[in-house]
Amino acid sequence: MSNKIAVAPDVQIKLGNVGSDLRIRGWAKNEVKLSGEIGLAQVSDDGKTLTIEANGDCDLSVPQNASLMIEDIGSDAKITDVHGAIHIDNVGSDLHIREAGELHIGHVGSDIRLRQIQGNVNLESVGSDATLHE
């Protein structure tokens, strides 16, 4: 599946469960491009909330000022250039975040690498190595 959904520039994206790998990139468009094994993609009438469920891999391009609420990622995750707040409950394996806003991370099963974070960082549990730069 690959499609685009028009949203507000400061959209809140709610990802329930991602079955495998997750990749999110910020871009200068007021739309979300979805590809991968998307089971559900539902946007609110005002375009300010987008709810997504993915059975397997999920690849998203989102507005740079979007905020993310993510429940569970089955494997690895990479997030770049997303300046809104990011809240992640659980990552099964590695997590890499670069050029982001405020972070709240629950549990990461393996390694975490954070670079160029522009807000507060709250990490609860990391299973292996943690690397923080800039």
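These numbers were taken from a predicted model, which means no experiment stands behind them.

Novice: How should the pattern of salt bridges be read in this particular structure?
Specialist: Two side chains of opposite charge can pair, provided their charged atoms sit close to one another. In the structure shown here, the tally under the stated rule is 4 salt bridges. Note that Arg-115 is salt-bridged to Glu-134, the shortest N-O span being 3.2 Å. One end of the pair, Arg-115, is in strand S11 (residues 112–117); the other, Glu-134, is in the segment after strand S13 (130–133), and 19 residues separate them in sequence.

Novice: Help me out: how do you make sense of unusual backbone geometry in this one?
Specialist: What you tend to see is this: most non-glycine residues have negative phi, and most peptide bonds are trans. Of note in this structure, Asp-81 is not a glycine but carries a positive phi near 60 degrees. Within the element layout of this structure, Asp-81 appears in strand S7 (residues 77–82). Among the residues examined, Asp-81 registers a relative accessible area of 16% and is labelled buried. Phi at Gln-116 is positive, roughly 55 degrees, even though this residue is not glycine.

Rules behind the numbers
- Residues numbered from 1 in each chain as written.
- Predicted model: local features only at pLDDT ≥ 70, side-chain atom pairs only at ≥ 80, totals over all residues.
- Heavy atoms only, no water.
- Salt bridge = Lys/Arg side-chain N within 4 Å of Asp/Glu carboxyl O.
- Helix = DSSP H or I, 4+ residues; strand = E, 2+ residues; numbered from the N terminus.
- Buried < 20%, exposed > 50% of the residue type's maximum accessible area, 1.4 Å probe, protein only.

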